[in-house]
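# Structural description and commentary
Listed below, chain by chain, are the residues.
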Amino acid sequence: MAERTGVLLEGDMAADPLDQFQRWFTEAAGANIRAPHAMTLATAGTDGAPSARMVLLKGADADGFVFFTGYGSRKGGELAANPRAALLFYWDPLGRQVRVEGSVERVSPEESDTYFATRPRGAQLAAAASRQGRVLADRAELDAEVAELEREHAEGDVPRPEHWGGYRLRPDAYEFWQHRESRLHDRLRYRRDGDGWVLERLSP
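Residues numbered from 1 in each chain as written. Predicted model: local features only at pLDDT ≥ 70, side-chain atom pairs only at ≥ 80, totals over all residues. Heavy atoms only, no water.

### Observations regarding the nonpolar core
- Counting 30 residues, the largest nonpolar core has Phe21, Phe89 and Phe176 as the members making the most contacts within it.
- Broken down by secondary-structure element, the contributors of at least two residues to this core are α1 (17–29), β1 (38–44), β4 (64–70), β5 (84–91), β6 (96–106), β7 (164–178) and β8 (186–193).
- For Phe89, the contacting residues outside a window of four places in its chain are Phe21, Pro36, His37, Ala38, Met39, Leu57, Phe65, Arg96, Gln97 and Val98.
- In terms of nonpolar packing, the next biggest core, distinct from the first, is built from 13 residues, Val66, Phe68, Tyr115 and Leu125 among them. (Core = buried A, V, L, I, M, F, W, Y, C linked by side-chain atoms within 4.5 Å. Buried < 20%, exposed > 50% of the residue type's maximum accessible area, 1.4 Å probe, protein only. Helix = DSSP H or I, 4+ residues; strand = E, 2+ residues; numbered from the N terminus. Contact = heavy atoms within 4.5 Å.)

### Remarks on the side chain of Glu78
- Structurally, Glu78 is set in helix α2 (residues 74–81).
- A distance of 2.7 Å separates the side chain of Glu78 from the side chain of Ser51, its partner in a polar contact. (Polar contact = N/O pair within 3.5 Å; in protein donor to acceptor, adjacent residues only side chain to side chain.)

### A look at the packing of aromatic side chains
- The full count for this structure, using the stated rule, is 18 aromatic pairs.
- Relative to Phe176, the ring of Trp24 has its centre 5.3 Å away and its plane inclined at 90 degrees; by these criteria the two rings are edge-to-face. Within this pair, whereas Trp24 is found in helix α1, its partner Phe176 is found in strand β7, the two being separated by 152 residues in sequence. Here the two residues Trp24 and Phe176 agree in accessibility, since each one is buried.
- When the ring centre of Trp24 is taken as reference, the NZ or CZ atom of Arg96 above it lies at 4.2 Å.
- Sitting over the face of the ring of Tyr71, Arg106 holds its NZ or CZ atom 3.5 Å from the ring centroid. (Phe/Tyr/Trp six-rings, centres within 6.5 Å; stacked < 30°, edge-to-face > 60°. Lys NZ or Arg CZ within 6 Å of the ring centre and 35° of its normal.)

### Description of the packing of helix α4 (residues 121–129) against helix α5 (residues 139–152)
- Running from amino to carboxyl end, α4 crosses α5 at an angle of 120 degrees, the nearest separation of the two axes being 9 Å. Classed by the angle they form, the pair α4 and α5 counts as oblique. The two elements α4 and α5 meet at a crossing, and its hand is right-handed. Residues Leu125, Ala128 and Ala129 of α4 form the contact with α5, whose own contacting residues are Leu142, Glu145, Val146, Leu149 and Glu150.
- Looking at the contact of α4 with α5 residue by residue, the class counts come to 6 nonpolar, no polar and 2 charged. (Axes fitted to C-alpha atoms, helices over the stretch in contact; angles between N-to-C directions. Parallel < 35°, antiparallel > 145°, perpendicular 65-115°, else oblique. Left-handed = near helix turned anticlockwise from the far one by under 90°. Nonpolar A, V, L, I, M, F, W, Y, C, P; charged D, E, K, R; others polar.)

### Topic: the environment of Ala144
- When you line up the elements, Ala144 lands in helix α5.
- For the pair formed by Ala144 and Ala129, sequence separation is 15 residues and the distance between their alpha carbons is 9.1 Å.

### Considerations on α2
- Of all the positions in α2, only Lys75, Gly76, Glu78 and Leu79 are classed as buried. The buried side chains of α2 occupy one side of the element, clustering within an arc of 165 degrees when seen end-on. Residues of α2 that are exposed and point more than 90 degrees away from the buried face comprise Arg74 and Ala80.
- On its buried side, α2 packs onto β1, β2 (50–56), β4, β5, β6 and β7. (Arc of directions from axis to C-beta.)

### As for the pairing of β5
- In β5, alternate side chains face the same way, and those of Ala85, Leu87, Phe89 and Trp91 are buried while those of Arg84, Ala86, Leu88 and Tyr90 on the opposite face are not.
- Across 3 bridges, β1 lies against β5 in antiparallel orientation. Within the sheet, the bridge partner assigned to Ala42 lies in β5 and is Ala86.
- Alignment of β5 against β6, held across 8 bridges, turns out to be antiparallel. In the sheet register, Ala85 faces β6, and the bridge partner there is Gly102.
- Two successive antiparallel strands, β5 and β6, enclose a turn made up of 4 residues, where Gly95 displays a positive phi of approximately 65 degrees. (Pairing = 2+ DSSP bridges.)

Honestly, it's all geometry; don't read function into it.
Right, dumping it as structure tokens:
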């Protein structure tokens, strides 16, 4: 397990920030952290008011960082109006944070279908029944919607609802933060520059 207090030097960093992220993510996954793929997603509407919530990373590759949610949710509405967002991973046992910022777009319906088919049936029913953020009269209203969907699809697969699917954040900046007990933490930022990346140190 990596030390919580570490030293982060430019010469130790990967040339590509995605490679660096995957290195740290692998170490987090091996450090008995309960949900290393949990990340804060921050969005803002056209009025500039920010909002943040936890979501789960479902893929990170050269195309970007993928997560899934309801299109009609607050975050879905804000991403439709202002398709930029920020992600934050916090792995406390390692004393590490990773920030990722960039533009956001929906993944293809085919990609959403493929992922939806891998979800447990209960999660499929929940996604189909829920209209994230909608006001409910009580819990019974939601339970009744799930029960109705269970009856409707008792003999077959649950299809992906049109109001649910994936988003992909395409990074234009990464920041890797390493804790130091002195509070003089290490902050190294990758900033996109044309087709490449510039690595620079930030003051803590």
